[in-house]
Amino acid sequence: MTDTPAAIQVVDVVRTYTRPRTSLLRPAPVVRALRGVNLEVKEGERFGIVGESGCGKSTLLRIIAALDHATSGHVVVEGTDITRLPERRLRFLRENLQLVFQDPMSSLDPRMRVRDIIAEPLVVQGHPASGARVRELLEAVGLSADAGDRYPHQFSGGQRQRISIARALAPRPRILIADEPVSALDVSVRAQVLNLISDLVDELNLTLVFVSHDLSVVKHVCDRVAVMNAGQIVETGFTGDVYAAPQHPYTQRLVSAIPTLHRALAGATTTDLLAAKGEPG
Amino acid sequence: MSVVADVNVRTSDVLTVRGLTVTVRDKTLVSDVDLSVGPGERVGLIGESGSGKSLTALSVLGLLPEDVTASGSVRLTGVDHELIGADERRMSRVRGRRLAMVFQEPMTALNPTMRIGDQIAEAMLIHGTRPGRGAARAAAVELLERVQLPPDTLRAYPHQLSGGQRQRVVLALALANDPALLICDEPTTALDVTVQALVLDLIVKGVVARAAALLFITHDLAVVATVCERVLVMYGGRVVESGPVGEVFTRPRHRYTEGLLAASDLETTQRRLTTIPGNVPPAGQFPSGCVFRTRCRHATEVCATTPPWTGSETTGFACHHPAEAVDD
Ligand SMILES: Nc1ncnc2c1ncn2[C@@H]1O[C@H](COP(=O)(O)OP(=O)(O)O)[C@@H](O)[C@H]1O
Ligand code: SF4
Ligand SMILES: [Mg+2]
């Protein structure tokens, strides 16, 4: 893997926000959302980022996608340092890196037909969006061609997530970033969408960055994982290893707290969820 | 679900639901649900969203929205009247006393303008379970300690607490009057996994300490398997299977249970997960006969008729072509 070029390099990234002052006597409080994050995602890799709410996952993604800027540190995507590039020089990133979010309803314009939603990224970039390309994308995500004529609210949650995946694939990106893409879905639909993402990543040779609070989902989808806690990455490794033998105390607590059918049927109780072990039995 | 001769006659159940049907205008949202919870028993109600779990719970609690109607029978131990159709005056004496609840969103149960300690004390004084304000306040201190919140939480307002801390306050409130039955509806779904672990453990310890019964509703199979002894599986407003956790989750009989288990298995070494085709239909659009037949790979013509219940109320299923019973 060491010879494979890096798709994404994150070097010492810090992001602080200044909250509005609450008192005239005290300085404005500073929130340190990212406290020196380092990671490297290789081309073609399926890389997971796992952590609990507020740990900085989404902030990190927004910085990688140049939707936000690091306070200090660098982000390099496909060899180009994007950290301080102006928007007009980010065109390569806007095409090559696409995002899918947790809640498709809030990221899909309810007044637009599905075919226009899917074609939008192409139009924005000045490419012609042919009907054939839209039909091809609908088919790729398992929706019928007539789905293009309808509006987002006429679809179920799982179908809406398919629509946002089709839109993300429209500019033929090389990197797909998915932020909690299945967290709002029912189990039977979650399996469908995970399979879809997995198939597309294989077929289109994509680099996948998959963010989730759920390590069991990340373990199924990703080769390697970074565990985040309080704005820092506390552990990185192959997902199987991190899951089976977590090294950092935070990862140990996290792994042990995940209820699994397997452990429950072997007699694990709620008290066992609280007992962090280095090597869960 | 009508059980003609139930071999396990359960005389001393804490909760007995019979033929519960919930409708809104012309739509049937919950159909003919039978459900019992024995003393000290922890029973899970699982299913994907829209399967009717919450409506079932709200029917028992008498908290259905105005345009929604429940029929059938709901009886609770120690309460000498039927809960279905009971007026609010009677229900408010039962709720918070013999029957308590924890919902997903803690703020629905908390008063934003009242200190935590006062809210817990008030809950006991309303039902007269403590002789006076002093005793109620002392009990509140102990209840907070039991849910591992520091004593200064007493003086805090809900907005000063995190989501997990609020849910622990709601649990303390729910347990304040030693209810016979605690109903939890997705109590940890909005919480982080490490916080969920603590709240689940506190729920289990709380009911065990009081020998209270628990009806635990969730879409998460692993959570229910960790918390409960027995489980009922709902789909399309019907109970399709029930039985001990160890049975249902290792030897499912109903094809929906079987599909749900396979789809949630993330431990598989195969890259592709097993799926259930299609989507959960919206309310009122489930097929007649077996509610699962539009998504079931085993469906035949006979599935257009409602499958009869096979087995006893506590262990059984409703499927024309069940998965093999595995002997061991
Ligand atoms: N007040 C209501 N009016 C109309 N439909 C409702 C109402 N409340 C719930 N429903 C519908 O009834 C079905 C069952 O709901 P619910 O009990 O909340 O399911 P669950 O808790 O299993 O997710 C859902 O499809 C829901 O949309
Ligand atoms: S009754 Fe028929 S359709 Fe329903 S689960 Fe069984 S086999 Fe499938
Ligand atoms: Mg519900």
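In this text the structure is predicted, and so the values were computed from the model without any measurement. (Residues numbered from 1 in each chain as written. Chains lettered and ligands numbered in written order. Predicted model: local features only at pLDDT ≥ 70, side-chain atom pairs only at ≥ 80, totals over all residues. Heavy atoms only, no water.)

**Q** Which parts of the structure should I look at to understand the sheet that holds strand β4 (residues 68–76) of chain B?
**A** For sheets, the rule is that strands pair by backbone hydrogen bonds, running either parallel or antiparallel. Residue and element names in this part refer to chain B. If you trace the 3 strands from one edge of the open sheet to the other, you get β2-β1-β4, paired in antiparallel fashion. Of all the strands in the sheet, the pair left with one neighbour each is β2 (27–37) and β4. Taking each pair of neighbouring strands and ignoring which way they run, the sheet shows an average axis angle of 5°. Packing of helix α1 (residues 53–61) onto the sheet brings it into contact with β1 (15–24), β2 and β4, and relative to β1 it is tilted by some 115°. (Pairing = 2+ DSSP bridges. Helix = DSSP H or I, 4+ residues; strand = E, 2+ residues; numbered from the N terminus. Axes fitted to C-alpha atoms, helices over the stretch in contact; angles between N-to-C directions. Contact = heavy atoms within 4.5 Å.)

**Q** What am I meant to see in the nonpolar core here?
**A** Generally speaking, nonpolar side chains in soluble globular proteins are found buried as a group. Formed by 123 residues in total, the largest nonpolar core has its most connected members in Ile165 and Phe210 of chain A together with Ile120, Leu182, Phe216 and Phe249 of chain B. The next biggest cluster of nonpolar side chains, apart from the first, holds 38 residues, and it includes Val43, Leu83, Leu99 and Ile217 of chain B. (Core = buried A, V, L, I, M, F, W, Y, C linked by side-chain atoms within 4.5 Å. Buried < 20%, exposed > 50% of the residue type's maximum accessible area, 1.4 Å probe, protein only.)

**Q** Please explain empty space enclosed by the protein as it appears in this structure.
**A** With a probe scaled to a water molecule rolled over the atoms, the places where space remains empty come into view. Under the defined criterion, the tally for this structure stands at 3 cavities of 30 Å³ or more. Each pocket or cavity is described by its volume, and for the largest cavity that value is around 80 Å³. Contributing to the lining of the largest cavity are 14 residues, with Arg255, Cys290, Cys296, Cys303 and Cys319 of chain B lying nearest its centre. Tallied by class, residues from the lining of the largest cavity come to 8 nonpolar, 4 polar and 2 charged. Put simply, the second largest cavity is a space of about 40 Å³. Taken together, Ile63, Ala66, Asp68, His69, Ala70, Val75, Ile82 and Thr83 of chain A form the lining of the second largest cavity. Counted by class, the lining of the second largest cavity contains 5 nonpolar, 2 polar and 1 charged residues. (1 Å grid on protein atoms, 1.4 Å probe; cavity = no way out; pocket = protein on both sides within 12 Å on 5 of 7 lines; lining within 4 Å. Points joined across faces, edges and corners; volume = space filled by probe spheres on them. Nonpolar A, V, L, I, M, F, W, Y, C, P; charged D, E, K, R; others polar.)

**Q** Would you mind showing me how to read the confidence of the model for chain B here?
**A** When pLDDT drops low, the exact placement of atoms in the prediction is not to be read closely. All names here are of chain B. When pLDDT is averaged along chain B, the result is 94, and 96% of the positions lie at 70 or above. The low-confidence segment residues 2–8, where pLDDT is below 50, has 11 contacts with residues more than four positions distant or belonging to other chains. Confidence metrics for the complex model read pTM 0.91 and ipTM 0.90. (pLDDT = per-residue confidence, 0-100.)

**Q** Looking at this structure, how should I read the packing of aromatic side chains?
**A** Centre distance and the angle of the planes are the two values used to describe a pair of aromatic rings. Under the criterion given, the structure shown has 4 aromatic pairs over all chains. Each ring, one from tyrosine 235 of chain B and one from tyrosine 256 of chain B, has its centre 4.3 Å from the other, and the planes form 40°; the classification is tilted. With a gap of 21 residues between them, tyrosine 235 of chain B in strand β8 (residues 230–235) and tyrosine 256 of chain B in helix α9 (residues 255–263) connect regions that are remote in the sequence. When sorted by exposure, tyrosine 235 of chain B lands in the same class as tyrosine 256 of chain B, which is buried. Centre to centre, the rings of tyrosine 235 of chain B and phenylalanine 286 of chain B are 5.4 Å apart; their planes meet at 85°, and the pair counts as edge-to-face. One end of the pair, tyrosine 235 of chain B, is in strand β8; the other, phenylalanine 286 of chain B, is in the loop between α9 and β10 (310–311), and 51 residues separate them in sequence. Tyrosine 235 of chain B gets classed as buried once you look at its relative accessible area, which sits at 1%. The buried category is assigned to phenylalanine 286 of chain B, whose relative accessible area is 17%. Through a chain of ring-to-ring contacts, three or more aromatic side chains come together here, namely Tyr235, Tyr256, Phe286 and Phe292 of chain B. Above the face of the tyrosine 243 of chain A ring, lysine 219 of chain A is positioned so that its terminal group lies 4.4 Å from the ring centre. (Phe/Tyr/Trp six-rings, centres within 6.5 Å; stacked < 30°, edge-to-face > 60°. Lys NZ or Arg CZ within 6 Å of the ring centre and 35° of its normal.)

**Q** I would appreciate a short explanation of the site of ligand 1 in the present structure.
**A** All names here are of chain B. Among the 13 residues in the neighbourhood of ligand 1, the closest are listed as Gly50, Gly52, Lys53, Ser54 and Leu55. Here an oxygen atom of ligand 1 and a backbone polar atom of glycine 50 are 2.7 Å apart. Within the side chain of lysine 53, a nitrogen or oxygen atom sits 2.8 Å from an oxygen atom of ligand 1. Compared with its free state, where it exposes 560 Å², ligand 1 has 71% of that area covered by protein. (Near = heavy atom within 4 Å. Polar contact = N/O pair within 3.5 Å; in protein donor to acceptor, adjacent residues only side chain to side chain. Areas by Shrake-Rupley, 256 points an atom, 1.4 Å probe, with all protein chains shown as cover.)

**Q** In this structure, what is going on with the pairing of strand β1 (residues 6–18) of chain A? I would like to understand it.
**A** Each regular strand shows side chains that alternate between the opposite faces of the sheet. Residue and element names in this part refer to chain A. Across 10 bridges, the pairing between β1 and strand β2 (residues 30–42) is antiparallel. Considered in β2, the bridge of arginine 15 is made with leucine 34. Pairing geometry for β1 and strand β4 (residues 72–77), over 5 bridges, is antiparallel. For valine 10, the partnering residue across the bridge sits in β4 and is valine 75.

**Q** How do you make sense of the sheet that holds strand β5 (residues 99–102) of chain B when you look at a structure like this?
**A** All names here are of chain B. The sheet built from 8 strands is open, its strands ordered β5-β6-β7-β3-β8-β9-β11-β10 with mixed pairing. A strand with exactly one partner marks an edge of an open sheet, and here the two such strands are β5 and β10. Seen against the sheet, helix α5 (residues 163–175) touches β5 and β6 (181–185) and runs at an angle of roughly 175° to β5. Each of β8 and β9 (238–244) touches α9; the most contacted strand, β8, lies at about 100° to it.

**Q** Looking at this structure, I do not really get the site of ligand 2. What am I missing?
**A** Residues and elements named next belong to chain B. Near ligand 2 you find 13 residues, and of these Cys290, Cys296, Cys303, Cys319 and His320 are the closest. Cavity membership is defined here by more than half of the atoms lying within 2 Å of grid points; on that basis ligand 2 lies in the largest cavity. Of the residues contributing to the shell around ligand 2, the split by class is 7 nonpolar, 4 polar and 2 charged. (Sits in = over half its atoms within 2 Å of the grid points.)

**Q** Just to check I follow, could you spell out the environment of leucine 61 of chain A for this structure?
**A** Residue and element names in this part refer to chain A. When you line up the elements, leucine 61 lands in helix α1 (residues 57–64). Taking the relative accessible area as the measure of exposure, leucine 61 reaches 2% and is therefore buried. The spatial distance from the C-alpha of leucine 61 to the C-alpha of isoleucine 165 is 17 Å, given a sequence separation of 104 residues. In contact with leucine 61, not counting residues within four places along its chain, are Ile177, Asp179, Val209 and Val211.

**Q** Looking at this model, I keep getting lost on the pairing of β1 of chain B. Mind explaining?
**A** All names here are of chain B. The pairing of β1 with β2 spans 7 bridges and is antiparallel. Across the sheet, leucine 15 pairs through a bridge with valine 37, a residue of β2. From the end of β1 to the start of β2, which pair antiparallel, there are 2 residues, and arginine 25 there has a positive phi angle of about 45°. Two strands pair when backbone bridges link them, and β1 and β4 are joined in this way by 8 bridges, in the antiparallel orientation. Pairing of threonine 23 across the sheet is with threonine 69, part of β4.

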